[in-house]
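# Per-entry structural report
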Amino acid sequence: MDAYSEVVVRVARHLTPRVASVRTERGAGSAVVLSAEGHLVTNAHVVARFSRGEVAFADGASGPFDVVGRDPLSDLAVLRTGIEMPEPPDFGDADRLLVGSLVVAVGSPLGLEGSVTAGVVSALGRSMPARGRTASRIIEDVIQTDAALNPGNSGGGLADSHGRVVGINTAVAGFGLGLAVPINATTRRILDALREDGRVRRAYLGIVSVPTPLEPRWSARTGRRRALRVAEVMTGSPAAVSGLHPGDVLLAINGAPLADAQSLQRHMFADAIGRRTEITVLRGEAMVDVVAEPTELAD
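Note that the structure is predicted; figures quoted are calculated from it, not measured. (Residues numbered from 1 in each chain as written. Predicted model: local features only at pLDDT ≥ 70, side-chain atom pairs only at ≥ 80, totals over all residues. Heavy atoms only, no water.)

## Description of the overall build of the protein
Of regular secondary structure, the protein possesses six helices and 20 strands. Here the C-alpha radius of gyration of the protein, 20 Å, is about what a compact globule of 299 residues would show, namely 19 Å. Evaluated residue by residue, the protein yields a buried proportion of 49% over its 299 residues. Summarising the internal contacts of the protein: among those between residues at least 6 apart in sequence, 60% fall at separations of at least 24. Charge centroids of the protein, computed over 31 positive and 33 negative side chains, lie 4 Å from each other. (Helix = DSSP H or I, 4+ residues; strand = E, 2+ residues; numbered from the N terminus. Rg over C-alpha atoms; globule rule 2.2 N^0.38 Å. Buried < 20%, exposed > 50% of the residue type's maximum accessible area, 1.4 Å probe, protein only. Contact = heavy atoms within 4.5 Å. Lys, Arg positive; Asp, Glu negative; His and termini not counted. Charge placed at Lys NZ, Arg CZ, Asp CG, Glu CD.)

## What to know about the sheet that holds strand S4 (residues 52-57)
Reading around the circumference, S1-S2-S3-S6-S5-S4 is the order of the six strands in this closed barrel, with antiparallel pairing throughout. Put simply, the sheet's adjacent strands are angled 40° from each other on average, direction ignored. Note that strand S5 (residues 62-71) and strand S6 (residues 76-81) share six bridges and pair antiparallel. By the bridge assignment, Val 67 is partnered in S6 with Leu 79. (Pairing = 2+ DSSP bridges. Axes fitted to C-alpha atoms, helices over the stretch in contact; angles between N-to-C directions.)

## Considerations on the nonpolar core
Residues Val 32, Val 41, Leu 76, Phe 91, Val 165 and Ile 168 are the most contacted members of the largest nonpolar core, which totals 25 residues. At the level of elements, helix H1 (3-15), S6, strand S7 (102-107), strand S11 (165-174) and helix H3 (185-197) are the ones that each hand at least two residues to this core. Non-local contacts of Val 41, meaning those with residues more than four positions away in its chain, are made with Ala 31, Val 32, Leu 34, Leu 76, Ala 77, Phe 91, Gly 155, Ile 168 and Leu 191. Residues Ala 239, Leu 264, Ile 273 and Val 290 belong to the second largest nonpolar core, which totals 19 residues. (Core = buried A, V, L, I, M, F, W, Y, C linked by side-chain atoms within 4.5 Å.)

## Notes on unusual backbone geometry
Phi is positive for Asp 75, which is not a glycine, with a value near 55°. You can see Asp 75 is positioned in the loop between S5 and S6.

## Quick look at the confidence of the model for the protein
Within the protein, residue pLDDT values average 89, and 93% of them lie at 70 or more. Per-element confidence in the protein is highest for strand S3 (residues 39-42), whose mean pLDDT is 98, and lowest for strand S9 (residues 136-145), whose mean pLDDT is 79. (pLDDT = per-residue confidence, 0-100.)

## Here we look at the pattern of salt bridges
With the rule as written, the count across this model stands at 11 salt bridges. If you follow the salt bridges from partner to partner, you end up with Arg 199, Arg 201 and Glu 296 in one network. (Salt bridge = Lys/Arg side-chain N within 4 Å of Asp/Glu carboxyl O.)

## What to know about the side chain of Asn 169
With respect to the helices and strands, Asn 169 occurs in strand S11. Every residue in contact with Asn 169, bar those within four places of it in the chain, is listed here: Asn 43, Ala 105, Val 106, Leu 149, Asn 153, Ser 154, Gly 155, Gly 156, Gly 157, Leu 158, Leu 179 and Ala 180.

In structure tokens, the structure reads:
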């Protein structure tokens, strides 16, 4: 075999036994083994509001599952089953991917267990809207791939050339275009919260921000090339109370640099709710520190 085929075959042999088909009363998808304790990870939209269903593996093993927790704002859910399962695959870090990297998608399109497609990372840093019952959010750093994804692929694994799961396939955006929720520090924290608590508690500041390059003089002074520009501040929000304004450029939160939405969102979890939070802001010709107390995001 050629080198490309050897990589795809090796990854497929490793990952296929670790991906199951998922069926609920009204839908179907895929899931990836997450732990040796019977946990699997899938998309929140695959299980929707159902609390149970059935999983089936390529070797014929099947059985019921319960939904441990779901988080529509990241489109992730954790399931648990009592049937015997393979050991989980290695989970990698999508932040290390490069455009052009080889990726292999394994799922259960159209109910066919163990279906494999391959392609490359077409783009990184894409965003995708997600909506809960009362709140909406942008899922950042979504992976775009040209690996063919079909109905039922949602919840399946997207692996790198070493067989490490770097994404959970989440949507078919159009012909020749697939998207996957990245596996990174933020999503690992979400999955841990779903396993332990069944839900994700998020802190809420009340801003809409966009990445922005820093002017050379500020880049030289701060040692950073990018930051977040505030596009909108919600009326009555913690950000509004703290004095943040549209046009402010957010440089850091509690001393940690802010360069993109994920760098802010990774700080907006339960431990930030109601706590004093210092945000370093570039406003006009001055750097100022703004103190905010995030509230809990209701959903």
